[in-house]
Structures are given as structure tokens and as C-alpha cells.
Amino acid sequence: MSALKNRIAATLGLVIATLTVKAQDHRFDPPWNTPPQSAVMFTVAGMDNVPDLFGDINDPQLVIFFAGNQFMCVDDLLAAFKTQYPQYQRIFAETLPPGILARQIEGGSVTIGNMRITLKPDVYTAGKSAIDKMMPLFTKTEPYASNRLAIMVQKGNPKKIKGLADLGKKDVRVSMPNLEFEGIGKQIEEAYVKAGGEALRKQILEDKVKNNTTYFTRVHHRESPMRILYGQSDAAPVWYTEAYYQQMIKNPVDLIEIPADKNVGANYIAAQLKAAPHEQAAKDFMDFLLSPAAKAIYKKYGFGVNN
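Residues numbered from 1 in each chain as written. Predicted model: local features only at pLDDT ≥ 70, side-chain atom pairs only at ≥ 80, totals over all residues. Heavy atoms only, no water.

(A) Layout of the packing of helix α2 (residues 74-84) against helix α9 (residues 292-300). Contact pair α2 / α9: the axes reach a minimum separation of 10 Å and the direction vectors enclose 165 degrees. Our classification of the angle between α2 and α9 gives roughly antiparallel. Relative to α9, α2 is oriented so that their crossing is right-handed. Side by side, α2 and α9 meet where D76, L77, A80 and Q84 of the first sit next to A293, A294, I297, Y298 and K300 of the second. Residues that form the contact of α2 with α9 fall into these classes: six nonpolar, one polar and two charged. (Axes fitted to C-alpha atoms, helices over the stretch in contact; angles between N-to-C directions. Helix = DSSP H or I, 4+ residues; strand = E, 2+ residues; numbered from the N terminus. Parallel < 35°, antiparallel > 145°, perpendicular 65-115°, else oblique. Left-handed = near helix turned anticlockwise from the far one by under 90°. Contact = heavy atoms within 4.5 Å. Nonpolar A, V, L, I, M, F, W, Y, C, P; charged D, E, K, R; others polar.)

(B) Main features of the side chain of N147. Following the sequence through the fold, N147 ends up in strand β7 (residues 138-154). Its relative accessible area of 9% is what places N147 among the buried residues. Engagement of the side chain of N147 in a polar contact is seen with the side chain of T241, the distance being 2.8 Å. Ignoring anything within four residues of it in the chain, the contact list for N147 reads W239, Y240, T241, G265, A266, Y268 and F303. (Buried < 20%, exposed > 50% of the residue type's maximum accessible area, 1.4 Å probe, protein only. Polar contact = N/O pair within 3.5 Å; in protein donor to acceptor, adjacent residues only side chain to side chain.)

(C) Looking closely at the packing of α2 against helix α8 (residues 279-289). Between α2 and α8, the shortest axis-to-axis distance is 11 Å and the interhelical angle comes to 115 degrees. Here α8 runs roughly perpendicular to α2, going by the angle between their axes. Crossing angle aside, the handedness with which α2 passes α8 is right-handed. Of the residues in α8, those in contact with L77, A80, F81 and Q84 of α2 are A281, D284, F285 and F288. By residue class, the composition of the contact of α2 with α8 is six nonpolar, one polar and one charged.

(D) Spotlight on the environment of P259. Looking at where P259 falls in the secondary structure, it is placed in the loop between β11 (253-257) and β12 (265-273). Sequence separation between P259 and G163 is 96 residues, and the spatial gap between their C-alpha atoms is 8.5 Å.

(E) Spatial organisation of the packing of aromatic side chains. Under the defined criterion, the tally for this structure stands at 17 aromatic pairs. For the pair W32 and F71, a centre-to-centre distance of 5.8 Å together with 45 degrees between the ring planes defines the contact as tilted. Residue W32 is located in the loop between α1 (2-20) and β1 (53-55), and its partner F71 is located in the loop between β2 (62-65) and α2; the two are separated by 39 residues in the primary sequence. Here W32 falls in the buried class, since its relative accessible area comes to 13%. Site record: aromatic cluster; members linked through ring pairs are F66, F81, Y85, Y88, F285 and F288. Over the face of the ring belonging to F71 we find R222, whose NZ or CZ atom lies 4.2 Å from the ring centre. A cation over a ring is seen here: R227 above Y215, with NZ or CZ 3.8 Å from the ring centre. (Phe/Tyr/Trp six-rings, centres within 6.5 Å; stacked < 30°, edge-to-face > 60°. Lys NZ or Arg CZ within 6 Å of the ring centre and 35° of its normal.)

(F) Structural context of helix α6 (residues 220-229). Of all 10 residues in α6, eight are buried; the element is thus mostly enclosed. Residues H220, H221, R222, S224, P225, R227, I228 and L229 constitute the buried set of α6. Of the residues trailing α6, G231 is marked for its positive phi of about 75 degrees.

(G) Examining the pattern of salt bridges more closely. Taken as a whole and assessed by the stated rule, the structure comprises 18 salt bridges. Salt-bridge contacts for D25 lead to R27; the nearest nitrogen and oxygen are separated by 2.8 Å. Of the residues examined, D25 reaches a relative accessible area of 34% and is grouped as partly exposed. Judged by its relative accessible area of 62%, R27 is exposed. Between D207 and K202 there is a salt bridge whose closest N-O contact spans 3.0 Å. (Salt bridge = Lys/Arg side-chain N within 4 Å of Asp/Glu carboxyl O.)

(H) Summary view of unusual backbone geometry. A cis amide bond, omega 10 degrees, links P30 with the succeeding residue P31. One can find P31 in the loop between α1 and β1. With a phi angle near 50 degrees, D59 is a residue other than glycine that sits in the positive phi range. Tracing the sequence through the fold places D59 in the loop between β1 and β2. Judged by relative accessible area, which is 56%, D59 ranks as exposed.

See below:
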């Protein structure tokens, strides 16, 4: 009898445990853009989801590598470009971190999961410093947009973050772009020095890394918002447009402005590759990025534009 009771108790315990285990929360997961329509729409949050690849990977007529922080503009940009240049309907775009894109250009391929991509870009966009390092690869470059830093925090700002100096506090968990291949990392490092000198830089980028209160991302434009939204980090220095966009799509974050004297900006440059497989399409897209239609799209998402 006691053995039967034990089996019943064990079974009930298993049932209760099963009922109380919560499903993994994916409500804030990307893609935050609108996926193109297909006969089969198969995106599984947390498993089969590739938010930084856009459009037609088969026989594209134009291939664009965008610096990842511009992912929010891609839907509108490609739709407007296709309207102005209807001869181009199959377009493929990537919005990975610019350092990863640079390595992909140099090496000729990238593998994500089990997928290997060997497409060569016609146009590459990135910050000025990244473009300058690769200048021999380009036939033409054009500045077209700008950005500045801000701090993304959880809705209501529970840690009462007022500025960059607060990110040095022991109880503030920081999501920080990896300086190795995310260009924004250098700008943030410079901003830390402006806000609190070498001591603040060391505190956030060395001391807090050791005690696990600074977390280095690999794809900050995806990871930092998700870490804030899922309560894994308290604050994330990001491009202004990244926090602005999360508010646009009604995700629960707040945007903390950084004063101009402690801020660091970026200018984005579009570059046409000498080895562009689709030379005329590349020229047309370069012209399009300087058009009023493209400027209006960048302004919509909080970027500065050149007049």
C-alpha cells in the first residue's frame, strides 16, 4: 500500500511540476521587421529565426550589406527602391555587425547555423572609420546619414539611470557591444571617458566584466534590446535610433538622452564595391540613398541626414 501511495505521490508531483513550468518567453523576439510573404511562413522563435537576412537569397539582382543598426530601415528602403527602380525586384540584404560584414567581404563567405552564404555585396554601408580601412575595395563612397548615442533602459527606469556615469554602479547590469567587431563599442568607450574619465571606462569595461555585471554582446542591435526587454540587463548604451525604434514598435523601454558634451556621433558611408556583381544596380542604389525618399525614411527612424 505504501509503495502505491509513493507512486501516486510521485506521479502527482510530476504532473504539478509539469503544469508549473512556464514556457520560454519569446514575446519580444525578432524579427521586428515585416517578413516577405511566401507559400510557407515558417519562423520559430528562439530556434529557426534569422532576423538579419532580408529578401531573396536566390539569384538576387542587388546585394547590400548594411551596418546592422540600420535593420529597422530596410523594409521601407527596399520597398521605396523597388518603386523607383522597378527593374530590381530580387534584392538580398544583410544587417549583421559591420565588423562581421567586413570579414565576410574579405573572406568571401559567412556561415550562420547550417547555412553558408557566398554572395558578394554590391554596396556596403558602415561608419566612416570602417569604410576608411577598406577604401581600396571601393569605386565610390557617399555619406548619407548620422547617429548619436543614447541609453536604453527598462520601462519606468527602475535603476534611475540618469547618464553614463550611472552605468559604473555595482548594482547596474550593463549590456555592452563587443569592441572587437562592433564599431559602436569604440564610440561608447570614448563616451565613457568623456563622462567619467579613465576610471569610469575601466570600471565598466574591466572591473564589471570580471564580476559579470557588464555583458559583452555579439550582435548588440538584437541582444541589447532583448536583454533589456527580458530583464537580463538594466541599461544598454546603444545608438539613439535603436532605443527610438523599440519605442516606435511599443516595446517597454525608455530612452535616456546623453548630453552633447558627453556624446559621440557617427557618420554612415555607403560604398560601392569594385567587385560588385551587379554594377548598374549598385550605382542606382547609391543614387537612391541620397534621394529625398531615402532621407525621409532615415529621418522617420531617428537618424540624422545630410541636406
